[in-house]
Structures are given as structure tokens and as C-alpha cells.
Amino acid sequence: MSDHLDNEHFDTLIVGTGATESIIANELSAAGHKVLHIDRNSYYGGPNACFSLSGFLTWTLTRDFRQVPQLDLHIGNGLFAIDKPGPIESLTAQLMTYHKEGDLSTAQETLDGLLANDRAYMVEPVPKLVLCRGNMIDLLVDQGVGDFMRFRGVDHNYLVTRQGLERVPESKEDIFASTSLTLVEKRKLMRLMTTLGANLEKPEGSFSQLLAQQFKLTGKLHDTVLYAVARQTGYELSAQEGCDRVYKYVNSIGRYGRMAYLCAQYGGGSEIAQSFCRLCAVTGGTYILDEKLECIEPNEDGFKVSLRRGTAQVSRIVMDPGYYSPNSAALDSVVSRAVCILDNPVLGTDTTCVLTFLDEGSVVSLLYVTSATMAVPEGQALMYAWTEGTIASTKPLLQRAVGVVAQQANVVLSVFFEVRELTAPATDGIFYTSQPDTSVDFESTYDAAQQVLSMINKPDTRI
Amino acid sequence: MDSASSSTASPVPTAPEIASTFKILLVGDSNVGKSSILLRFTDDHFLPPEDTSATIGVDFKVKMYDLDGKRYKLTLWDTAGQERFRTLTSSYYRGAQGVILVYDVSSRESFEHLDNWVEELNTYCSNDDVVKMVVGNKIDKEAERQVSRKDGADYARRHQTLFLECSAKTKIGVQQAMEELVNKIVETPSLWRKQLPSKGTVSVDETVTSSGFGANGCAC
Ligand SMILES: Nc1nc2c(ncn2[C@@H]2O[C@H](COP(=O)(O)OP(=O)(O)O)[C@@H](O)[C@H]2O)c(=O)[nH]1
Ligand SMILES: [Mg+2]
């Protein structure tokens, strides 16, 4: 078989190998579509990619600058503002050219030290967890992917304020054992967990109101349920949404491991994407990475597409909106993210934690991972933090969140960047997916895939 | 098995317990015969050349292998066609104990491309001790040979890998290749002793019953 396409016919061209597109590719291929699946990068995963440390730093230089316009790299007290693309040949030297402030030679030394262990890092720009009882885990198990991915149960869920960390009770035993809850609070929480765990309510109004009025939750207890369990972030959850989320969370507890979430080793999104791509290939899908979509011409039978490695005739296209027309992408929402390497596993050497930082009405989600999930070399930890808003307005907030959790540990390297969600308008025969959102788990990734699949499978769409 | 049969005089032959599971990969250019070697070894079957689509759908095949009274479970992984544009996933390589690098003795090009596969292997294989074997396939096509046996053996020596020539079509060498590879893996305990899942990892293939609140009762 040649490594060139000569006007080969495919039912569906899928552009981008993020987790969403990969789930779609596998579903379509299993349903009999002849699938051509491409990515512009030389690696799988698109926005869900997982990198070695040098790979991640390379990404900071080669990233899509429309989507991630601003990115600050901190090494020790050195600040490097990576505001334009750069060559990746001599990575360290190139990074040093973006120097803005702080001690350059110490930064260089620190960086070289970290890079000596390059492949012991697994860094994801957009980390996510798997909910133990949800659509994604069911799909992984159903497709046999669960047999090959390795997971660890997330160990703790923390609510964080400037005063410090407090564990969110995760089980009945936890609630009873808690020393920070009064007896009355314990009873209220039990009532809430058991009532919502049975998914009985179909209430009106906001979830916050429901907690306050029906369950009489106030203060920290109210915030714990609203932010650390239902994970309200940007907008106010309706009572129904909140109840659904608590229901999912409570029912996920204790299925695998202690807590409601699983953390995949080697980077969940990337592993999920690769697993589904391989499954798609097993059923006949064709894969090309490091590929450029040069031209799409609509014709009677769909589209004629020109790639670097030849041409293909395709009936329909599924596309990550990040590939949409270079200059005019609509800007829908902005998320700011931080990736930090700590020189000390402060929350445990082999613990995985999800945290929520509340500060003056803002909510920051955090994830703490260690060598237990192959994220960092032993003796270090990796911390992710993210919140809605631009870097200009949220960087101090993210830094505060990281600072409170890191405690006595030093942040040896950190990267702060802003991700703008790119969207694209509906076009006949082209189905756009959506990019990863701010949620902490893969449920929305699954939903995004199903949404596109149901559009493709609608009887009135052109085949 | 009911209790009566186990108490009879003639011992019931029981399958030996599986001592370990080995993940073995096949890599190399398209068309060199990777899928054919896999099918020959696991099913002792050779697909007619015109029946190329038949290898679609092969994710991996399982074969039991007995050595010194111990039983090993071999999972042999095919490339799923992802070698065509060199897009094998890094997770394909992960956790492999053995890798078979295949070229076609009647294609010089496929032999020259071994370098790329070795490089990819070195990038993605998590374990440095992974056992590698270079295999020259299609030796039944003697008249069209473009790679001498010596060239193949020299290459293997330079890269410190095992080496064999075979033909998936006539089945010469296929069984021997697998045997040598597995024996070498068995002799390299560092490869598989530590494959026990580390403490705290969960596999999601089995359902663990809920100890949380659950919708199913547990109200207080
Ligand atoms: N003559 C001959 N042909 C072979 C041999 N092994 C495979 N083939 C043929 O080579 C072609 C490619 O084989 P296949 O197993 O699909 O190669 P793969 O792409 O590496 O998986 C098919 O037409 C096979 O029938 C062999 O040992 N001798
Ligand atoms: Mg094949």
C-alpha cells in the first residue's frame, strides 16, 4: 500500500485527533464508514495531547496563537513571555530569548536539570478525569479500552480557601468521621446525599437556592456541595443541573477506588484519543498525522480534499473547529490555565487530588498529580489550575490558588496561558466538534461526540 | 468440574496456571507480511494474497505458550494498518516485552526502513530491556531476493537484536522466531516481574460493588 492518497474515496474525513473526534471516528468506522482521520500535529490527541516536558515546552512555541495568544513561562524567579512562535531546534536557548525579568542563568540551570528527566513528565495542557459512573467510563469498558488503560482512583477532593485546605467528605464514613462538621451539619449532609443520590427531585430555581432553602445548607457546607461536588464554575447551575451532578457524583463514589473520579496514567485525554484511533484503524480507518488540509472543494459527491500526501474524495467532514479558517474564528469563551511543577509532593507522594479554590467569588479548579500516574519524576508533583477569564485578569488568582495548595513546596516551573474556545459556523456537509471545556471530567467530551454523531445519523443530513 | 470427577483415580489434566502475560508487537513497513506472520503463528493459516482485507479487524491475537512446565499467555499485536503513514500510537508500544521488526527479503526498501522503526521503538518503548528481533520474511521468494541473509544478520548484530528469516507462506521459520523471542523474554525477568499493577491502580474491566451512598439504598 502506498504512502500516498490518489483520490481514494472515504465516507468521512475526520480532522483532528482530540478525544471527541477520536470517539466519533471509532463509532463511524464501527458502523461501516470508511474513515480517513488526519491531524496537523505529529502526535495524537489535539487539544487533549499529553507531552514530555520538552514536548510541552515545544508546544508553547508552536501552539495555535489564535487560540492561545498569551503564555507566560516562569522558571524560578525568571519570567519568559512567549508571545510569538519560535524555532524549536535548540529549545532551551530559544526559550531564553523570551526573557522578561528575573535571573536568567539560574533559570537555565533549573530548566536543564528538569529536562535531564524529560520523559518522566507527562504534561497535559487540558487535564481531565474520568467519572467512575458515567458515559465515558461505560464507553471505555464497552469498547474494551478499559482493559488497556491504567487508572488510579482519585484519592481526595478538597475545598480550598485562603485559610487552607479542607477535605470534602466522600463517603458516609467520611461524613461521620469528619472533625470539621458539627453533628447538625453531618445530618444535613447525609440527608442531601441520600436524597439527591436517589435522584428524586425535579425542582425549580437555582441549585444554590435549593441547597439553602430545602436542605438548609449555609456557609462552608453550602459551598462544598455547590463548588466541590456539583462543580459550579462560570454560570449559576439550575436546581435540576445541580441535582443531576450531585447524583452522578454520589453514584460514582466507591465504584472503583474510594472517590468519584479516576485519573488515567500517561494522560487520560491522550490515551483515550489514541485508544479510539487504534480501534478505528482496526476496523479499517486510515490515519495520517503531521498532515496539512490544503484545500476543500465541495462537489456533487461531497468534497474533494487536497492534502500534502495526496487527494481524497470524501462524502462528509467532521472537524475540530481549531482547524477552521485561520483569521476569523469567533471567540466564544476564555479559560486561563496554569501548569506547575512542584519540587515536593505536598499532598502525598502517590496521591491524586481534585481541588476547588474559592476566593472572593471566583472559582478555580485544581488537579494535583504525582509519579503515581506517571505525571512527574518521583519526589515532585504536578499541579494544574484553571478558571474562566483572561490571563490578564486571572493570573494573580491562579497564582494565589497554587500558592495556597503548594504550601511549603516550591513551584520550580510554571506555565500560565489563556485558551480561547474556537467555534465555527455550521456548513452543509461539515460537522464541527467542540473543544474541551472547563469541566473536570470527560462527560462533556462524550456528550460533544454524541452530539455530532446524532447530527450525522439524522435521516435528513446528506450522506 | 464437579467434586466427583476430581476424586477419581485418574488425575484430571488441569491447564497450568498462567505464569505471565507477554505483549509482543509486530512493526515494519506495510506489505512486508506482519499480519501474515501473526496469522501463521496463531492460526497456522496463510491468507491468499488477493484476500488482503481479511486482516482488517485484527486488534491482537492471543496464543498460549508452554515452556518448562510454565504457561505463558502471548498477546500478539498487529499494527492495524497504522504503519502505512507511520502513525502507530505511543500506547501501542507501551508495556511491550517483545518486538518483532519485520522486513521483506524481496524489498530492499523495507530493509532500509528498519532504521526508522528502530528509532520509533527506542522513543516509545518504556522498558530498555524489551527483546527485539529482526525478521526477514518471504524467503520463499528466493528468486526475487534483494536482501542477503548476511545483510540481515549484520544489521541485527549491530543493533543487538535476535535475527531470523522466515516465510509466512511456507511457514518456515515462523514458529522458531516466536520461540526464540519468547525464550529470551522468559530469560529476562526484569521485563515482566514488575508488571504487576502497582499499588493503587484500578482496572475498570471488573465492576466493583458500591460502598458509597448509592441510589440503591444505604440511606441512614
Ligand atoms: N510470497 C510470500 N508472500 C507473503 C508472505 N507473507 C506475506 N505475503 C504476502 O504479502 C502481502 C502483504 O502481507 P501482509 O501480511 O498483509 O503484510 P503487512 O502489511 O505487513 O501486514 C500479502 O499479499 C501476503 O499474501 C510470504 O512469506 N511469502
Ligand atoms: Mg497488516
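Note that the structure is predicted; figures quoted are calculated from it, not measured. (Residues numbered from 1 in each chain as written. Chains lettered and ligands numbered in written order. Predicted model: local features only at pLDDT ≥ 70, side-chain atom pairs only at ≥ 80, totals over all residues. Heavy atoms only, no water.)

Participant: Give me the lowdown on the packing of aromatic side chains, citing residues and values where you can.
Facilitator: For any pair of aromatic rings, geometry is given as the distance between the ring centres together with the angle between the planes. For the structure shown, the criterion picks out 12 aromatic pairs over all chains. Ring geometry for Phe60 of chain B against Trp77 of chain B: centres 4.7 Å apart, planes inclined by 20°, an arrangement best described as stacked. Here the residue Phe60 of chain B occupies a position in strand β2 (residues 60–67), and Trp77 of chain B occupies one in strand β3 (residues 70–77), the gap between them amounting to 17 residues. According to the relative accessible area criterion, Phe60 of chain B is partly exposed, its value standing at 27%. Centre to centre, the rings of Tyr93 of chain B and Tyr124 of chain B are 5.6 Å apart; their planes meet at 20°, and the pair counts as stacked. Of this pair, Tyr93 of chain B sits in helix α3 (residues 90–93) while Tyr124 of chain B sits in helix α5 (residues 114–124); the two residues are 31 residues apart in sequence, bridging distant segments of the chain. Assessed through its relative accessible area of 0%, Tyr93 of chain B is described here as buried. Three or more aromatic residues joined by ring pairs make a cluster, and in this case those are Phe56, Trp59 and Phe417 of chain A. For the cation-ring pair, Lys34 of chain A lies above Phe10 of chain A, with the distance from its terminal atom to the ring centre recorded as 4.5 Å. (Phe/Tyr/Trp six-rings, centres within 6.5 Å; stacked < 30°, edge-to-face > 60°. Helix = DSSP H or I, 4+ residues; strand = E, 2+ residues; numbered from the N terminus. Buried < 20%, exposed > 50% of the residue type's maximum accessible area, 1.4 Å probe, protein only. Lys NZ or Arg CZ within 6 Å of the ring centre and 35° of its normal.)

Participant: Please give an account of the nonpolar core that cites residues and values.
Facilitator: Residues and elements named next belong to chain A. Counting residues in each nonpolar core, the largest one holds 75 residues, and the members touching the most others are Leu73, Phe207, Tyr261, Leu382 and Phe417. No other element matches the six residues that helix α9 (residues 219–229) contributes to this core. With near-sequence residues (within four places) excluded, Tyr261 lies in contact with Leu129, Val130, Leu131, Cys132, Arg152, Gly153, Val154, Arg231, Tyr249, Val354, Val440 and Asp441. Ranked by size, the runner-up nonpolar core spans 40 residues in total, among them Tyr44, Leu279, Tyr287 and Ile456. (Core = buried A, V, L, I, M, F, W, Y, C linked by side-chain atoms within 4.5 Å. Contact = heavy atoms within 4.5 Å.)

Participant: Explain the packing of helix α2 (residues 53–62) of chain A against helix α4 (residues 104–115) of chain A to me, using residue names and the numbers behind them.
Facilitator: All names here are of chain A. Direction vectors running N to C along α2 and α4 enclose 130°, while the axes themselves pass 9 Å from each other. When the axes of α2 and α4 are compared, the pair comes out oblique. From α2, Leu53, Ser54 and Leu57 reach across to α4, where they touch Leu111, Leu114 and Leu115. A per-class count over the contact of α2 with α4 returns five nonpolar, one polar and no charged. (Axes fitted to C-alpha atoms, helices over the stretch in contact; angles between N-to-C directions. Parallel < 35°, antiparallel > 145°, perpendicular 65-115°, else oblique. Nonpolar A, V, L, I, M, F, W, Y, C, P; charged D, E, K, R; others polar.)

Participant: Any details on α4 of chain A? Residues and values, ideally.
Facilitator: Residue and element names in this part refer to chain A. Taking 1.5 Å per residue, 12 residues should reach 16 Å; α4 reaches 16 Å between its end C-alpha atoms and fits that length. Within the sequence span of α4, burial applies to Ala107, Leu111 and Leu114. Axial view of α4: buried residues confined to an arc of 60°, hence all on one face. For α4, the N-terminal cap is Asp103; the gap from its side-chain oxygen to the backbone nitrogen of Ser105 is 3.2 Å. (Expected span 1.5 Å × (residues − 1). Arc of directions from axis to C-beta. Polar contact = N/O pair within 3.5 Å; in protein donor to acceptor, adjacent residues only side chain to side chain.)

Participant: Account for the site of ligand 1, with residues named and values stated.
Facilitator: All names here are of chain B. As a structural note, the neighbourhood of ligand 1 is formed by 19 residues, with Asn31, Lys34, Ser35, Ser36 and Asp140 the closest of them. In the environment of ligand 1, an oxygen atom lies 2.7 Å from a nitrogen or oxygen atom belonging to the backbone of Asn31. Here an oxygen atom of ligand 1 sits 2.6 Å away from a polar atom, N or O, in the side chain of Ser36. Taken by itself ligand 1 offers 580 Å² of open surface, and the protein chains cover 86% of this. (Near = heavy atom within 4 Å. Areas by Shrake-Rupley, 256 points an atom, 1.4 Å probe, with all protein chains shown as cover.)

Participant: If you had to explain the sheet that holds β3 of chain B to someone new, which residues and values would you point to?
Facilitator: Residues and elements named next belong to chain B. Spatially, six strands are ordered β2-β3-β1-β4-β5-β6 in an open sheet, and the strand pairing comes out mixed. The open sheet has two edge strands with one neighbour each: β2 and β6 (162–165). When strand polarity is set aside, the average angle formed by the axes of neighbouring strands in this sheet is 25°. Relative to strand β5 (residues 131–137), strand β4 (residues 98–104) is paired through seven bridges, and the arrangement is parallel. When the sheet's bridge partners are listed, Asp104 is paired in β5 with Asn137. In the packing of helix α2 (residues 34–43) onto the sheet, the strands contacted are β1 (18–27), β2, β3, β4 and β5, and the crossing angle to β2 comes to about 50°. (Pairing = 2+ DSSP bridges.)

Participant: Could you give an account of empty space enclosed by the protein, naming the residues involved and the relevant values?
Facilitator: It is the rolling of a water-molecule-sized probe over the atoms that shows where space remains empty. Residues and elements named next belong to chain A. Within the structure shown, the criterion is met by one cavity of 30 Å³ or more. Size it by volume and the largest cavity reaches roughly 100 Å³. In this structure, the largest cavity is lined by 14 residues; those nearest its centre are Glu124, Cys263, Ala264, Val369 and Thr373. When its residues are assigned to classes, the lining of the largest cavity shows 10 nonpolar, two polar and two charged. (1 Å grid on protein atoms, 1.4 Å probe; cavity = no way out; pocket = protein on both sides within 12 Å on 5 of 7 lines; lining within 4 Å. Points joined across faces, edges and corners; volume = space filled by probe spheres on them.)

Participant: With reference to specific residues and values, describe the confidence of the model for chain B.
Facilitator: Residue and element names in this part refer to chain B. When pLDDT is averaged along chain B, the result is 83, and 79% of the positions lie at 70 or above. Segment residues 1–8: pLDDT under 50, and two contacts once partners within four positions in sequence are set aside and those in other chains are kept. Segment residues 206–220: pLDDT under 50, and 34 contacts once partners within four positions in sequence are set aside and those in other chains are kept. Overall fold confidence for the complex sits at a pTM of 0.92, while the interface term, ipTM, reaches 0.84. (pLDDT = per-residue confidence, 0-100.)

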